Amino acid sequence: MSPAKPKAGKRAAASRFKQLRGQLAHHNQRYYVDDDPEISDTDYDDLLRELREIEDANPELQTPDSPTQRVGGRPLERFPQVTHAEPMLSLGNARDADELRAWAERVENRLKRFDISAREIRYVTEPKIDGLAISLTYEDGVMVRGATRGDGRIGEDVTQNLRTIKEIPLEIEEAPKMVEVRGEIYLPLADFARLNEQRAAAGEPTFANPRNSAAGSIRQLDPKMAASRPLSMWTYGIGARSGWEPASHSEILEWLRKRGFRVNPDVAQLAGVEEVEQRCLWWQDRRDELDFEIDGVVVKVDDRGLQRELGVAGREPRWAVAWKFPPTTATTTLNDVVWNVGRTGRMLPFAILEPVQVGGVTVSTATLHNEEDLERKDVRKGDEVVVMRAGDVIPQVVSPIIQRRRKGLRKPKPPKKCPVCETPTVKPGDGVWTICPNRTGCPGQVFQHVKHFRGAMDIEGLGEKNAARFLGEGLISDAADIYDLDAARIEKLDGFGATSAQALISEIERSKSQPFARVLYGLGIPGVGFVNAESLAEHFGSIDALLAAQPAEIEEAEGIGPILAEQIVEELSEERARELIERLRRAGLRLELDESERRTEGGPLEGKTIVLTGSLPELTREEATRMIKRAGGKVSSSVSRNTDHVVAGDSPGSKLAKAEELGVAVLDEAGLRKLAG
Ligand code: IVH
């Protein structure tokens, strides 16, 4: 090889390198920030691979902000400390409207000397994300450091882990020489559920809440671990910066948006405390619909000049306050720990509590989740415990209050015999679960599975009580028997008549058209919750393809790890599971994806995101969804800047208002039909 060649090669590599960096930055922005990718994942991966190859051959080209650096480097032994250039403050609380008004009054009084009337003070309201506060430092537009909040002054340097979060721009344009960007890292709820599902299936401890899982993930010493967690970030402010004095908080948010940071689209600028209060209540109502957790609303005075005048008291700025949602936790005494058997035979502990009011409801029992969780939390009979109740979910014991523990309290142990069928329990291998090995004969397990199955198939009228009754009367002995029930027999039971029996049979008939993912979920495979079931259904398309798959192939489905993949194969190879599947098949349940559920490539709605709101004149929501998917589109539940169309029917609600606010095109049913071809 002549000496000139490598040089020419180098030049070509450098030029291609530059091109690739530009392209990848563009596609990252389209994908992660605009939510509107232009190329397929495979094409993106090809570009990334090519860049990696060039960097491997020419290490001098690689810089810390390269897209190749997002997937983790060397594990660290501990995190170095970082002093924030400007401290990260905390927030005072307002627990209700009175406290919010009192805060606003203090703000107004302090500002009176500037002749500013209350009406003129503008506020910005933002969701208070329940995650982990982070500060990102950019120098000359390049992210050089990312740190946790720590004590507000000194945090931990978690740069490597933050680089793995694809929504954090590694490079920004038109940046001051130095700027600290502040925001919150969080794990979306669906990913949290999936992560816990996988951890439970792998016998690993589960996370108590999304906040802990985000904090745990960002403080992983091995960036590859952090990279494997789908963390996300909302930004809401800046810290120190050189040569830039924004006039308002809104200006900062706009600046962040323009540089590709995620800023929540529902952040609003408002005049007067009444509007602020309305907005706080609006967030409170929407709380359960979001795909991330919020624990309140942050209210900030918009004008930076006024912020400066108001100043900081201790560690809390006077110009901001956190409206906290009503508490969903309470403390009470744990009177007893009792055990039940789960649908896969696991012994499941639950708490008998001294009755206590939580979120407006009296709670006297709560779940302790499972054996491993009980052990990890170290909850003991007689402890004072924190109980939490949120939305419609079952109340749960969060933790004991160790400081108040009396001497001599003992750890509860799983029972030696199954509490339902009295079969001696076993703890297989080095597993963490004590189980009842009587998988098909234990009425407790059968009942739990039937209950799970009817939930999965959404069979109304087959509630817990009726399920227990049918099992008790011998009308059914497993989930598949539901499809052999006949009206004549049900009718004879006390409390049923011809009409109610027929209604139940129709409900059961109707459930046969539930999509494949629901049936798969209903099988009750350990570790396969609804999220994983959907992923498996999408990936394999039919039960037969899944039954024929090796663990390595199952691992290719989104969100399925190696241990869970093994477990799925093991479970599905059991005679019991095969028989159940065959009986469900004979009953006419859907064991493959319907063509209409598959997204069509190259359809007229390819790459378009559509939101449905209100009731349409002819199409049901499900039919409209199918129509959109068939045309290649994606249906989303909330309106954002990335929404292409909102299809509005009668009583459309806030999504329509949002679409109008953001200038998203609004269609009616006829418009949708036209677009979908
Ligand atoms: S501003 C100027 N905005 O709440 C005050 N904080 O209690 C600095 N948080 O440590 C924070 N969402 O972790 C601000 N939209 C938001 C927030 C937010 C969540 C967290 C943040 C902070 C804590 C303060």
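What you see is a predicted model; the values in this text were computed from it and never measured.

## Describing the sheet that holds strand 4 (residues 132–139)
Reading across the sheet, the four strands line up as 5-4-7-8 and stay open at both edges, with antiparallel pairing between neighbours. With one partner strand each, in any of the chains shown, strand 5 (142–148) and strand 8 (232–241) form the two edges of the open sheet. Ignoring strand direction, the axes of neighbouring strands in this sheet form an average angle of 25 degrees. Packing of helix 6 (residues 210–218) onto the sheet brings it into contact with strand 4, strand 5 and strand 7 (178–186), and relative to strand 4 it is tilted by some 40 degrees.

## Considering the confidence of the model for the protein
Looking at the protein as a whole, its pLDDT mean stands at 87, while 93% of the residues score no less than 70. Confidence drops under a pLDDT of 50 for residues 1–6, and excluding neighbours within four residues, the segment shows one contact in the predicted structure. Overall, residues 71–75 carries pLDDT values under 50, and its contacts beyond four positions in sequence, including any with other chains, amount to 16 contacts.

## Quick notes on the site of the ligand
By nearness alone, 15 residues border the ligand, and Glu 126, Ile 129, Glu 184, Tyr 236 and Lys 300 come closest of all. Take Leu 91: an N or O atom from its main chain is 3.5 Å from an oxygen atom of the ligand. Between the ligand and Lys 300 there is a distance of 3.0 Å, counted from a nitrogen atom to a side-chain nitrogen or oxygen. When the ligand sits alone it has 520 Å² of accessible area, and the protein chains cover 86% of it. Within the residue set of the shell around the ligand, elements represented by two or more residues are strand 3 (122–129) and strand 10 (294–301). Grouping the amino acids of the shell around the ligand by side-chain chemistry returns nine nonpolar, one polar and five charged.

## Focus: the nonpolar core
Generally speaking, a soluble globular protein has its nonpolar side chains buried in company with each other. Within the largest apolar cluster, 54 residues are counted, with the highest numbers of intra-cluster contacts made by Phe 470, Ile 482, Leu 520 and Leu 536. The next biggest cluster of nonpolar side chains, apart from the first, holds 34 residues, and it includes Val 179, Ala 215, Trp 244 and Leu 253.

## Focus: a negative patch on the surface
A surface patch of like charges, here negative, comprises Glu 553, Glu 555, Glu 556, Glu 566 and Glu 570. Looking at the element boundaries, Glu 556 is found in the loop between helix 19 (551–554) and helix 20 (562–572).

## A short note on the state of the cysteines
The final tally for this structure, using the stated rule, is zero disulfides. Distance from the sulfur of Cys 418, which forms no disulfide, to the nearest cysteine sulfur (Cys 421) is 3.8 Å. We note that Cys 436 lacks a disulfide partner, and the nearest cysteine sulfur, in Cys 421, lies 3.6 Å from it.

## A word on helix 15 (residues 498–511)
Look at helix 15: 20 Å from first C-alpha to last across 14 residues, which is about the 20 Å you get at 1.5 Å a residue. Along helix 15, the residues classified as buried are Ala 501, Leu 504, Ile 505, Glu 507, Ile 508 and Ser 511. Viewed end-on, helix 15 has its buried residues packed into an arc of 155 degrees, placing them on one side of the element. Looking at the buried positions of helix 15, the neighbouring elements they touch are helix 12 (443–457), helix 13 (464–472) and helix 14 (487–491).

## Notes on the pattern of salt bridges
This model, assessed by the stated rule, comprises 44 salt bridges. Across the salt bridge formed by Arg 376 and Asp 373, the nearest N and O atoms sit 2.5 Å from each other. Of this pair, Arg 376 and Asp 373 are both found in helix 11 (residues 371–377), three residues apart, which corresponds to roughly one turn of the helix. Here Arg 576 makes a salt bridge to Glu 571, at a shortest N to O gap of 3.3 Å. The class for Arg 576 is partly exposed, based on a relative accessible area of 25%. Given the relative accessible area of 13%, Glu 571 is considered buried.

## Topic: the environment of Ala 548
On the secondary structure map, Ala 548 appears in the loop between helix 18 (543–547) and helix 19. Residue Ala 548 is classed as exposed on the basis of its relative accessible area of 56%. In this structure, the C-alpha to C-alpha distance between Ala 548 and Val 569, residues 21 residues apart in sequence, is 9.0 Å.

Cut-offs and rules
Each chain has its residues counted from 1, following the order in which its sequence is written. Note on the predicted model: pLDDT of at least 70 is required for a residue's local features to be given, and 80 or more for side-chain atom pairs to be given and counted; whole-chain, interface and lining totals, by contrast, use all residues. In computing side-chain values, all of the structure's heavy atoms are included and hydrogens and water are not. Strands are treated as partners if at least two bridges between them are detected by DSSP. Numbered from the N terminus, helices here are DSSP runs of H or I no shorter than four residues, and strands are runs of E no shorter than two. Axes, fitted as lines to C-alpha atoms, cover a helix only where it is in contact. Angles between the N-to-C directions of the axes lie from 0 to 180 degrees. Residue contacts are defined here by distance: any two heavy atoms, one from each residue, within 4.5 Å place the two residues in contact. Every residue carries a pLDDT, the predictor's confidence in it, which falls somewhere between 0 and 100. Summary of the distance rule: residues count as near a molecule or strand when at least one heavy atom falls within 4 Å of that molecule or strand. Two N or O atoms form a polar contact when they lie within 3.5 Å of each other; inside protein one atom must be a possible hydrogen donor and the other a possible acceptor, and for residues adjacent in sequence the pair counts only when both atoms belong to side chains. Residue exposure ignores everything except the shown protein chains as possible cover, and the areas themselves are Shrake-Rupley values with a 1.4 Å probe. Charged residues are taken to be Asp, Glu, Lys and Arg, nonpolar residues to be Ala, Val, Leu, Ile, Met, Phe, Trp, Tyr, Cys and Pro, and polar residues to be all remaining types, Gly included. Think of a nonpolar core as a cluster: buried Ala, Val, Leu, Ile, Met, Phe, Trp, Tyr and Cys residues, connected wherever their side-chain atoms sit within 4.5 Å. Relative accessible area decides the class of each residue, using a 1.4 Å probe on protein chains only: under 20% of the type maximum gives buried, over 50% gives exposed, and in between gives partly exposed. Within the patch definition used here, like charges are joined within 9 Å and nonpolar side chains (Val, Leu, Ile, Met, Phe, Trp, Tyr) within 5 Å, considering only residues with over 30% relative accessible area and no salt bridge. Should a side-chain nitrogen of Lys or Arg be within 4 Å of a carboxyl oxygen of Asp or Glu, the pair is scored as a salt bridge. Positive charges come from Lys and Arg, negative ones from Asp and Glu, while His and the chain ends are left out of the count. Charge placement uses NZ in Lys and CZ in Arg. For Asp and Glu, CG and CD serve respectively. Cysteine sulfur pairs qualify as disulfides if the two atoms are within 2.5 Å. To estimate the expected span of a helix, count its residues, drop one, and scale the result by 1.5 Å. The reported arc concerns the directions from the helix axis to the C-beta atoms and nothing else.

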